[in-house]
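Remarks on the overall topology
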Amino acid sequence: MVLAQSQFSKFFRWERNMPHTPAAKNYRAHKSWDSGIHFHISRAIIGREAYGVLGLSGSCLPQMAGMIPLLGNKFDWEGDLPLRYPQKDLVIYEMHVRGFTNHDSSKTDCPGTYAGAIEKLDHLTVLLDVVFNHTAEGNENGPILSFRGIDSNTYYMLAPKGEFYNYSGCGNTFNCNHPVVRQFIVDCLRYWVIEMHVDGFRFDLASIMTRSSSLWDPINVYGNSIDLITTGSPLGNPPLIDMISNDPVLNGVKLIAEAWDAGGLYQVGSFPHWGIWSEWNGQEGGRKPWHSINFVCAHDGFTLADLVTYNNKYNLSNGEDNRDGENHNLSWNCGEGVPMIYMGDEYGHTKGGNNNTYCHDNYINYFRWDKKEEAASDFYRFCRLMTNFRRECESLGLDNFPTAERLQWHGHQPRMPDWSETSRFIAFSMTDKVKGEIYVAFNANHQPVIVALPERPGYRWDPLVDTSKAAPYDFLSHDLPDRASAIQQYAHFLNSNLYPMLSYSSVILILRPDV
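All of these numbers come straight from a predicted model, not from anything done at the bench. (Residues numbered from 1 in each chain as written. Predicted model: local features only at pLDDT ≥ 70, side-chain atom pairs only at ≥ 80, totals over all residues. Heavy atoms only, no water.)

1. Some words on the overall build of the protein
Counting its secondary structure elements, the protein contains eleven helices and 19 strands. Relative to its 515 residues, the protein shows a buried fraction of 45%. About 26,600 Å² of surface is accessible on the protein, with carbon and sulfur atoms providing 54% of the total. (Helix = DSSP H or I, 4+ residues; strand = E, 2+ residues; numbered from the N terminus. Buried < 20%, exposed > 50% of the residue type's maximum accessible area, 1.4 Å probe, protein only. Areas by Shrake-Rupley, 256 points an atom, 1.4 Å probe, with all protein chains shown as cover.)

2. Re the nonpolar core
Counting 38 residues, the largest nonpolar core has Phe-132, Ile-185, Phe-201, Phe-203, Met-209, Ile-244 and Trp-277 as the members making the most contacts within it. Put simply, the parts of the chain that give this core at least two residues each are α3 (148-155), α4 (179-194), β8 (200-203), α6 (239-246) and β9 (254-257). Among the elements that line this core, the one with the most residues is α4, at eight residues. The contacts of Phe-132, once residues within four sequence positions are left out, are Phe-174, Cys-176, Phe-184, Ile-185, Cys-188, Leu-189, Trp-192, Phe-203 and Met-209. (Core = buried A, V, L, I, M, F, W, Y, C linked by side-chain atoms within 4.5 Å. Contact = heavy atoms within 4.5 Å.)

3. Some details on the sheet that holds strand β15 (residues 436-443)
Spatial strand order, β13-β14-β15-β19-β17: five strands in an open sheet with antiparallel pairing. Each having just a single partner strand, β13 (407-410) and β17 (459-466) make up the two edges of the open sheet. Strand-to-strand twist across the sheet, computed as the mean angle between neighbouring axes with direction ignored, equals 20°. Pairing of β13 with strand β14 (residues 425-432) involves four bridges; the strand directions are antiparallel. Bridge pairing links Leu-407 to Met-430 in β14. (Pairing = 2+ DSSP bridges. Axes fitted to C-alpha atoms, helices over the stretch in contact; angles between N-to-C directions.)

4. Quick word on the sheet that holds strand β10 (residues 277-280)
Read across the sheet, seven strands follow the order β6-β12-β11-β10-β9-β8-β7 without closing on themselves; strand pairing throughout is parallel. Looking along the sheet, the strands with just one partner apiece sit at the ends: β6 (92-94) and β7 (128-130). Averaged over all pairs of adjacent strands, the angle between strand axes in this sheet comes to 25°, irrespective of strand direction. Sheet topology note: the β8/β9 ladder contains four bridges and is parallel. Within β9, the residue paired with Arg-202 across the bridge is Ile-256. Docked against the sheet, α4 engages β7 and β8, running at close to 145° with respect to β8.

5. A word on the packing of aromatic side chains
Aromatic ring pairs are described here by two measures, namely the spacing of the ring centres and the angle between the planes. Taken as a whole and assessed by the stated rule, the structure comprises 26 aromatic pairs. Ring plane angle 25° and centroid distance 4.2 Å describe the contact between Phe-147 and Tyr-155, whose orientation is recorded as stacked. For Tyr-155, a relative accessible area of 0% puts it in the buried group. An aromatic cluster of three or more residues is present, and its members are Phe-132, Trp-192, Phe-201, Phe-203, Phe-271 and Trp-277. Across the ring face of Trp-369, the terminal group of Lys-120 is positioned such that the distance to the ring centre comes to 4.1 Å. In this structure, Arg-211 is placed above the aromatic ring of Tyr-167, and the distance from its NZ or CZ to the ring centre is 3.7 Å. (Phe/Tyr/Trp six-rings, centres within 6.5 Å; stacked < 30°, edge-to-face > 60°. Lys NZ or Arg CZ within 6 Å of the ring centre and 35° of its normal.)

6. What to know about α4
In this model, α4 (16 residues) spans 22 Å end to end at C-alpha, consistent with the 22 Å of a helix rising 1.5 Å per residue. What α4 keeps buried is the set Val-180, Val-181, Arg-182, Phe-184, Ile-185, Val-186, Cys-188, Leu-189, Tyr-191 and Val-193. (Expected span 1.5 Å × (residues − 1).)

7. Notes on the pairing of β15
The buried fraction of β15 amounts to six of the eight residues, a majority that puts the element mostly inside the structure. Note: β14 against β15, eight bridges, orientation antiparallel. Looking at β15, one finds that Phe-425 is bridged to Asn-443. Counted along the chain from β14 to the antiparallel partner β15, the turn is three residues long.

8. Examining the side chain of Thr-303
In this structure, Thr-303 sits in the loop between β11 (292-295) and α7 (304-307). Overall, the relative accessible area of 1% leaves Thr-303 in the buried class. Ignoring any residue separated from it by four or fewer positions in sequence, one finds Thr-303 in contact with Cys-297, Asp-345, His-349, Thr-350 and Lys-351.

9. With respect to the side chain of Ser-505
Position of Ser-505 relative to the elements: it lies in strand β19 (residues 505-513). When near neighbours in sequence (up to four residues on either side) are disregarded, Ser-505 contacts Ala-441, Phe-442, Asn-443, Asp-466, Thr-467 and Ser-468.

10. Quick notes on the packing of α4 against α6
One way to put it is that α4 packs onto α6 with a least axis distance of 10 Å and a crossing angle of 30°. In terms of orientation, α4 lies roughly parallel with respect to α6. For the crossing formed where α4 meets α6, the hand is right-handed. Facing Arg-182, Gln-183, Ile-185, Val-186 and Leu-189 of α4, the residues of α6 in contact are Pro-239, Leu-240, Met-243 and Ile-244. Along the lines of polarity and charge, the residues of the contact of α4 with α6 split into seven nonpolar, one polar and one charged. (Parallel < 35°, antiparallel > 145°, perpendicular 65-115°, else oblique. Left-handed = near helix turned anticlockwise from the far one by under 90°. Nonpolar A, V, L, I, M, F, W, Y, C, P; charged D, E, K, R; others polar.)

11. Quick notes on the confidence of the model for the protein
Looking at the protein, the pLDDT average stands at 81 and 80% of residues meet or exceed 70. Ignoring residues within four places in sequence, the model shows residues 32-38, a span with pLDDT below 50, making eleven contacts including any to other chains. The low-confidence segment residues 62-71, where pLDDT is below 50, has 32 contacts with residues more than four positions distant or belonging to other chains. (pLDDT = per-residue confidence, 0-100.)

Right under this line is the structure:
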């Protein structure tokens, strides 16, 4: 944690203490008007043994801390370099570190910890989700756990009488564009990239980072005097986003914005991006296809299984009489960009219809490794094969948006898409440098349909994916023993260049030479 000591000189007397261990930087802050209040500040990973359980004597301070080495004791990466995977090739997987391995089925030596997650690294490679929009101290009446104990005027957006602005929905708002605060944020990000080899960041409620700070000092920010700006006003060129975007370390990693906040600021498609920021489902302003993060599911909302199982949320177990959580879920009990799913979606994890499980440190939020490993976990097989297929397809990870030279839209008949409001079917074909050509169709209707496929003389369309089929025939992988027999069942349709689609299904076909 990097502190600008000069900013607090009139509030605190600072002492640099030599810690008992070389692994920590330790500062002691004495409040000038009350020398009995001390704050020990250091680089640390802090958590609790169990969510919501108080410490000794009812203390709400976290009890468990693991210290991160100083520069003099760097971790030996043994030649490992930052990943730098191209963003266009990613499938993003949102994961909670504790919930990932805390279930008994993980069989890790250190369940529910970073060390436990390391034991499961073969399952994924992760970006870091960061929250620079609030701290866990609530409003002006909340506990003093973090920056409130150092300098509230600097680190939080405050109203003239000391009330906390609440653009985060959590009682307070981090004062991101204050010179001291934004330098702290940039230092944190640089540390995680340089020392921890983090490949990128997803910024929670990122629109807060575009709001003007309280106690706005235009000369400090821009170097010259300008008109004062109302606290919390959206800025066209926010200094923090400017600093991150132009930092030589940070502008080379993935920067993903959740481009809204709880105060009503909605910037999807208009987030200040400097040509390098991505957004959850936003891609305007001359950016690339992979700047749009198409999140199917996230921690705020239903899991993938619950999205197609529940019409309404069931959050009574949260203790707020089902008032919490989003009501507009676009869910239904019905049985292009960078895709994103949530932890457990790959095997069909359910939270019982609860779409706001922040307060549950139990099986509801724990990854079930036993479900993933079960032979009956056919959905995991499908998810794994689809992920590999997307990686193999050159056309599904383009640097630029496709043109009509390689992309064709279709309806029930080739080149006749129905874009009307009542349409429940869409298909496209795309030439691919690896696969040759692929045909993808979605039937969102409650009725089946027979689709006419594009004519390709000298070639035939082979089925690969059909979500209406029972596993393992939903994905006809090359290692499927009776794959040829399964394809033969479609022959009377395919010989006529047709394909039958059941209701609420999607299909992928691959163009092959007709030999």
